[in-house]
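Residue-level structure breakdown
The residues making up each chain are set out below.
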Amino acid sequence: MQEVRKAVLPVAGWGTRFLPATKAMPKEMFPIIDKPVIQFIVEELLGAGVENVIFVTGKHKRPIEHHFDINTDLEKHLEEAGKEKILQNIRKISHMINPIYIRQKQQLGLGHAVLTAEPAVGREPFIVALGDIILERGEEAITGMLDIFSRFGKSVVALFEVPEEEVSKYGIAKVKEIEEGVFLIEDLVEKPSPEEAPSNLAIVGRYIFTPAIFEKLKITKPGKGGEIQLTDAMKLLLEEEAIYAYKVENRVYDTGNPLDYLKTVFEFALKREDIGEELAFFLAQMLSKGTQLTDRT
Ligand code: UTP
């Protein structure tokens, strides 16, 4: 069986839920305090031993390329300023990966973005990791998915449990458990109402696909929102091949909309040794004054 060596990171979307901030700045570069979201995802993949990263990018996404490139001027400045620790960190990021960037010329949806990566992926299995979703201890989740792939040789998606009232935000799976934490997908429904939802297991933004997904994406018609949906192509794949699922118990952070992004930033910041305590004190003070209720804009 072929090894999974490559990961596709679709980062070409408009980020409309975050406009105007995303007009010139990719949401995937938004900081979780001082580290951009996309770096967490790259580190997760590296932690699971996957080094070949293919970004599906767009014309307003150049900062992502700069982030993983060498910045000699900055390195020189840090060296001269004697900021050795930051310098080491900056150098580490520049050498983390040897990325491939492919342009998605029109933002026709996530499915289309994945299809755009076909020339760089070729006929081999590959990971897809969404550029705005961070997983707590993500390398564990990817390693778990890779284990399932190595046993069955078929596509694997990560699932996580969501509250019933939130199923309409996600792709939801109908599943059959074949052993603890490992499932076979029976059906998929994109953003169902709670009544229509076959379960509360949502697709979380991490996938391993066999290359057969490309053939399905080529014949997938535009679906919800006029976009070529990855879920629709997966439904076509299901008619032909089994798709396995792995339930992720770790926390999932969606950074693609303002409220969940803020929750992520606060959760990470409160855990930080250097700023957590002071931030907690500040927040407690704000809340005790009732600022959040009186000063709304
Ligand atoms: P999202 O739906 O979260 O991203 O897609 P979006 O379309 O940028 O966001 P909104 O809905 O307009 O606010 C998940 C991931 O897929 C990428 C996005 O960049 C994001 O990381 N994507 C989406 C593409 O690469 N191309 C697309 O055509 C659509």
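Report on the accompanying structure.

The rules behind these values
- Residues numbered from 1 in each chain as written.
- Predicted model: local features only at pLDDT ≥ 70, side-chain atom pairs only at ≥ 80, totals over all residues.
- Heavy atoms only, no water.
- Patch = residues over 30% accessible without salt bridge, like charges linked within 9 Å, V, L, I, M, F, W, Y side chains within 5 Å.
- Areas by Shrake-Rupley, 256 points an atom, 1.4 Å probe, with all protein chains shown as cover.
- Salt bridge = Lys/Arg side-chain N within 4 Å of Asp/Glu carboxyl O.
- Lys, Arg positive; Asp, Glu negative; His and termini not counted.
- Charge placed at Lys NZ, Arg CZ, Asp CG, Glu CD.
- Buried < 20%, exposed > 50% of the residue type's maximum accessible area, 1.4 Å probe, protein only.
- Near = heavy atom within 4 Å.
- Polar contact = N/O pair within 3.5 Å; in protein donor to acceptor, adjacent residues only side chain to side chain.
- 1 Å grid on protein atoms, 1.4 Å probe; cavity = no way out; pocket = protein on both sides within 12 Å on 5 of 7 lines; lining within 4 Å.
- Sits in = over half its atoms within 2 Å of the grid points.
- Nonpolar A, V, L, I, M, F, W, Y, C, P; charged D, E, K, R; others polar.
- Phe/Tyr/Trp six-rings, centres within 6.5 Å; stacked < 30°, edge-to-face > 60°.
- Helix = DSSP H or I, 4+ residues; strand = E, 2+ residues; numbered from the N terminus.
- Points joined across faces, edges and corners; volume = space filled by probe spheres on them.

1. Comments concerning a negative patch on the surface
- On the surface, a cluster of negative charge is contributed by Glu164, Glu165, Glu195 and Glu196.
- On the basis of relative accessibility, which here comes to 60%, the residue Glu165 falls in the exposed class.

2. A few points about the site of the ligand
- Residues in contact with the ligand amount to 19 residues; listed here are only the nearest, Ala12, Gly15, Thr16, Glu28 and Gln104.
- One nitrogen or oxygen atom from the main chain of Trp14 is found 3.2 Å from an oxygen atom belonging to the ligand.
- Gly131 has a polar backbone atom sitting 3.5 Å from an oxygen atom of the ligand.
- Placement of the ligand is best described as lying within the largest pocket.
- Tallied by class, the residues present in the shell around the ligand amount to 8 nonpolar, 7 polar and 4 charged.

3. Re the packing of aromatic side chains
- Under the defined criterion, the tally for this structure stands at 12 aromatic pairs.
- Plain terms: the ring middles of Phe30 and Tyr261 are 5.6 Å apart, the flat faces sit at 65 degrees to each other, and that makes the pair edge-to-face. A residue pair is termed long-range when its members are at least 10 positions apart, and Phe30 in the loop between strand S1 (6–10) and strand S2 (31–32) and Tyr261 in helix H10 (residues 258–271) qualify at 231 residues. Grouping residues by exposure puts Phe30 and Tyr261 together as buried.
- An angle of 10 degrees between the planes, with centres 5.1 Å apart, marks the rings of Phe55 and Tyr101 as stacked. Taken together, the positions of Phe55 in strand S4 (residues 52–57) and Tyr101 in strand S5 (residues 100–103) put the pair 46 residues apart, joining distant regions of the chain.
- Tyr101 sits in the partly exposed class, given a relative accessible area of 26%.
- Site record: aromatic cluster; members linked through ring pairs are Phe126, Tyr207, Phe209 and Phe214.

4. Observations regarding the pattern of salt bridges
- With the rule as written, the count across this model stands at 28 salt bridges.
- Of the charged contacts, one joins Glu140 and Arg137 as a salt bridge, the two residues approaching to 2.9 Å between their closest N and O atoms.
- Classification of Glu140 by relative accessible area gives partly exposed; the value is 39%.
- Arg137 sits in the partly exposed class, given a relative accessible area of 42%.
- Overlapping salt bridges bring together Glu118, Arg123, Glu215 and Lys218 as one network.

5. A short note on the layout of surface pockets
- Reported here for the largest pocket is a volume of approximately 1,500 Å³.
- Lining the largest pocket we find 50 residues, and of these Arg17, Lys27, Leu130, Asp132 and Asp254 sit closest to its centre.
- Within the residue set of the lining of the largest pocket, elements represented by two or more residues are helix H5 (110–116), strand S8 (155–161), strand S11 (201–209), helix H9 (230–238), strand S13 (252–254) and H10.
- No other element matches H10, which puts 5 residues into the lining of the largest pocket.
- The residue makeup of the lining of the largest pocket, split by class, is 19 nonpolar, 15 polar and 16 charged.

6. Things to note about the environment of Glu80
- If you trace the backbone, Glu80 turns up in helix H3 (residues 72–80).
- Relative accessible area serves as the criterion here: at 61%, Glu80 is assigned to the exposed category.
- Between the C-alpha atom of Glu80 and that of Ile148, which follows or precedes it by 68 residues, the distance is 49 Å.

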